[in-house]
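# Architecture and fold: a report
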Amino acid sequence: MAEHPAILFVCLGNICRSPLAEAAFRREAERIGLDVAVDSAGTGDWHVGEPPDRRAIAVARANGVDISGYRGRQVTAADFDRFDHVVALDLANLARLRALRPAGSRADLSLLLDHVPGREGEPVADPYYGADEGFNTTWADVTAGAQALARRLAGPE
């Protein structure tokens, strides 16, 4: 693994789950002093250049993080060599990433909640079509995943 690992969080549109995961991971990495590069992207292109969903911005703000400056982007083939870890937010996006991944790429692919003991294989539910409260659940899930992944990357204390 690189001395300063690079992590990419990926969901479908890059306006809800992956920007929240990016924000939660940035906060946790800063808290524990982990030097990393972090970004997020979507497997789809519908929201390229757009800010996160207003509800994602609101839940991040309520938790002390400003994501209003984030902009959606789509995963590229180069991401699989630019990042050490490409972390999907659900199984469908993990399958899509496996299909997109060029042969010989260096990135490790995983599901975010695979890093949380007892939650392996679980997706982070997509809150986009649901009620605003779903974004609180998403924040809790991405925070748990971000904390577990950051601890793993930091290594033994």
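Up top you'll find the structure we're talking about.
Here is a short report on the structure shown in this document. Here the structure is a predicted model, which means the values were calculated and not measured.

## Looking at the pattern of salt bridges
Scanning all chains against the criterion turns up 11 salt bridges. A salt bridge links E22 to R26, with the nearest nitrogen and oxygen atoms 2.8 Å apart. Placement of the pair is E22 and R26 together in helix α1 (residues 17–32), with a separation of four residues, close to one helical turn. With relative accessibility at 4%, the residue E22 sits in the buried group. Taken together, the shared-partner salt bridges connect D39, R73, D79 and R82 into one network.

## Points about the packing of α1 against helix α5 (residues 133–154)
At a minimum axis separation of 8 Å, α1 and α5 run at an interaxial angle of 45 degrees. Between α1 and α5, the interaxial angle falls into the category oblique. As α1 runs across α5, the sense of the crossing is right-handed. Between α1 and α5, the contacting residues are R17, L20, A21, A23, A24, F25, R27, E28 and I32 on the first element and F135, T138, W139, V142, T143, A146, Q147, L149, A150, R151, L153 and A154 on the second. Grouping the constituent residues of the contact of α1 with α5 by class yields 14 nonpolar, three polar and four charged.

Analysis parameters
- Residues numbered from 1 in each chain as written.
- Predicted model: local features only at pLDDT ≥ 70, side-chain atom pairs only at ≥ 80, totals over all residues.
- Heavy atoms only, no water.
- Salt bridge = Lys/Arg side-chain N within 4 Å of Asp/Glu carboxyl O.
- Helix = DSSP H or I, 4+ residues; strand = E, 2+ residues; numbered from the N terminus.
- Buried < 20%, exposed > 50% of the residue type's maximum accessible area, 1.4 Å probe, protein only.
- Axes fitted to C-alpha atoms, helices over the stretch in contact; angles between N-to-C directions.
- Parallel < 35°, antiparallel > 145°, perpendicular 65-115°, else oblique.
- Left-handed = near helix turned anticlockwise from the far one by under 90°.
- Contact = heavy atoms within 4.5 Å.
- Nonpolar A, V, L, I, M, F, W, Y, C, P; charged D, E, K, R; others polar.

Keep in mind these values describe shape, not function.
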